[in-house]
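# Structural features, examined
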Amino acid sequence: MKKLLILILLLGAQFAFSQTIKKEDQQSPTQTSEAKKEELKISDTISTAPEFPGGMVALRKYIGSEINVSKFSDSPGTFKSVTTFDVNPDGSMSSISTTGNSPVLNKEMDRIMKKLKKKWKPGIINGNPVKTKFTMPMGLSF
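Conventions adopted
- Residues numbered from 1 in each chain as written.
- Predicted model: local features only at pLDDT ≥ 70, side-chain atom pairs only at ≥ 80, totals over all residues.
- Heavy atoms only, no water.
- Helix = DSSP H or I, 4+ residues; strand = E, 2+ residues; numbered from the N terminus.
- Contact = heavy atoms within 4.5 Å.
- Phe/Tyr/Trp six-rings, centres within 6.5 Å; stacked < 30°, edge-to-face > 60°.
- Buried < 20%, exposed > 50% of the residue type's maximum accessible area, 1.4 Å probe, protein only.
- Pairing = 2+ DSSP bridges.
- Axes fitted to C-alpha atoms, helices over the stretch in contact; angles between N-to-C directions.
- Core = buried A, V, L, I, M, F, W, Y, C linked by side-chain atoms within 4.5 Å.
- pLDDT = per-residue confidence, 0-100.

### Remarks on the environment of Leu140
Mapped onto the fold, Leu140 is located in strand β6 (residues 132-141). The contacts of Leu140, once residues within four sequence positions are left out, are Ile67, Phe72, Gly77, Thr78, Phe79 and Leu105.

Here it is, written out as structure tokens:
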């Protein structure tokens with residue numbers, strides 16, 4: 001009898017905590033908000049990604065010349081980070097943030113990217129420059 005009761009409780013709990021469909025997911029495609037329509041339109045028409053003058057090779061060369069490797073001498077190993085930022089329509093950078101397994105590398109990448117003053121070639125949508133998010137992974141081994 002106890003086993004039957006436990007089985008019923010487990011099945012009841014699974015039913016009670018199972019996934020449900022959110023109200024906005026139940027809307028028909030004609031009821032989507034204007035923001036969602038605009039987002040779909042933008043993602044379908046991106047024609048050119050933002051680009052650093054000279055390409056990724058020039059950007060990596062700049063980072064290599066600016067990074068202070070003495071900060072990593074205390075703890076050898078492999079460090080990984082991902083820096084994300086926005087490239088504005090005028091080519092400037094904003095909203096710079098870095099995450100990764102090393103706080104030292106994260107701070108160093110933030111410092112280097114904030115110091116960078118060269119203008120980027122902005123992302124293009126429908127022939128117009130737009131604000132575009134850029135993600136750049138970085139890995140170092142010592």
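Moving on from the coordinates now.
### A look at the packing of aromatic side chains
Going through the model one piece at a time under the given rule, you end up with four aromatic pairs. Considering the side-chain rings of Phe85 and Trp120, the 5.3 Å spacing of their centres and the 65° angle between planes classify their relative orientation as edge-to-face. Of the two residues, Phe85 is situated in strand β2 (residues 78-87) and Trp120 in the loop between α4 (103-115) and β4 (123-125); the sequence distance between them amounts to 35 residues. Accessibility assignment for this pair places Phe85 and Trp120 in one class, buried. Taken together, Phe52, Phe85, Trp120 and Phe134 form an aromatic cluster joined through their ring pairs.

### Description of the pairing of strand β3 (residues 93-100)
Here β2 pairs with β3 via six bridges, running antiparallel. In the sheet register, Thr83 faces β3, and the bridge partner there is Thr98. In this antiparallel pair of consecutive strands, β2 and β3, the connection spans five residues, and Gly91 shows a positive phi of 95°.

### Regarding the pairing of β6
Alternating residues of β6 divide into Thr132, Phe134, Met136, Met138 and Leu140, all buried, and Lys133, Thr135, Pro137, Gly139 and Ser141, none buried. In the sheet, β2 pairs with β6 via ten bridges, with the strands oriented antiparallel. Along β6, the bridge assignment pairs Thr83 with Met136.

### Some points on the sheet that holds β2
Adjacent strands of a sheet pair through backbone hydrogen bonds, lying either parallel or antiparallel. The sheet built from three strands is open, its strands ordered β3-β2-β6 with antiparallel pairing. Whereas interior strands pair on both sides, the edge strands pair on one side only; in this sheet they are β3 and β6. Taken over all neighbouring pairs, the strand axes of this sheet differ in orientation by 20° on average, direction set aside. The strands that α4 touches are β2, β3 and β6; relative to β3, the one it contacts most, it runs at about 165°.

### A closer look at the nonpolar core
Membership of the largest hydrophobic core comes to 21 residues, with the highest contact counts inside it found for Leu59, Ile63, Phe85, Met113, Leu116 and Trp120. Of all elements in the fold, only α3 (55-66), β2, β3, α4 and β6 reach the threshold of two or more residues within this core. Excluding anything up to four places from it in sequence, Leu116 contacts Phe52, Leu59, Tyr62 and Met93.

### Some words on the confidence of the model for the protein chain
A residue-level look at the protein chain finds 68% of positions with pLDDT of 70 or above and a mean pLDDT of 77. No element of the protein chain has a lower mean pLDDT than helix α2 (residues 34-45), which averages 50, and none a higher one than β3, which averages 93.

### What about the side chain of Ser81?
Its place among the elements puts Ser81 in strand β2. With a relative accessible area of 3%, Ser81 lands in the buried category. Not counting chain neighbours up to four residues away, the residues in contact with Ser81 comprise Thr98, Thr99, Gly100, Leu105, Asn106, Met109, Met136, Pro137 and Met138.

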